Amino acid sequence: MTQYINPHQQKLIVEKLYRSTDSITSLDKFNEQYEGKIGRLGERTLTLGDFARLMKQTAFSDYDIERFTKEITGLDLDLADY
């Protein structure tokens, strides 16, 4: 079964990655930094695999990405699989 991460969940994950309390500002900062490399995040629903491949191209730690994805979505993500 394919698992998905919706735009709202993406915003919340990025907020946690920046250790912020404002998901809008965090997402804007993320997109400003990474849009040229991976495209814009938080605008469309992504499969878990697509989200993982995009996030692997960022400077955030795999551990934090996996932990916050599990916390926000309940989905287990192992970036080593992608």
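Residues numbered from 1 in each chain as written. Predicted model: local features only at pLDDT ≥ 70, side-chain atom pairs only at ≥ 80, totals over all residues. Heavy atoms only, no water.

Asker: Help me understand the pattern of salt bridges, please; the structure alone is not making it clear to me.
Answerer: Oppositely charged side chains can pair when the atoms bearing their charge come close. Under the definition given, this model contains 7 salt bridges. A salt bridge links Glu43 to Arg40, with the nearest nitrogen and oxygen atoms 2.6 Å apart. The salt bridge involving Asp64 is made with Arg67; its shortest N-O contact spans 2.9 Å. Of this pair, Asp64 and Arg67 both sit in helix α4 (residues 62-73), 3 residues apart, which is roughly one turn of that helix. Here Asp64 falls in the buried class, since its relative accessible area comes to 13%. Through salt bridges that share partners, Arg19, Asp64 and Arg67 make up one connected network. (Salt bridge = Lys/Arg side-chain N within 4 Å of Asp/Glu carboxyl O. Helix = DSSP H or I, 4+ residues; strand = E, 2+ residues; numbered from the N terminus. Buried < 20%, exposed > 50% of the residue type's maximum accessible area, 1.4 Å probe, protein only.)

Asker: I'm lost on the side chain of Gln9 in this one. Help?
Answerer: Mapped onto the fold, Gln9 is located in helix α1 (residues 7-17). On the basis of relative accessible area, Gln9 is assigned to the buried category, the value being 18%. Non-local contacts of Gln9, meaning those with residues more than four positions away in its chain, are made with Tyr4, Ile72 and Thr73. (Contact = heavy atoms within 4.5 Å.)

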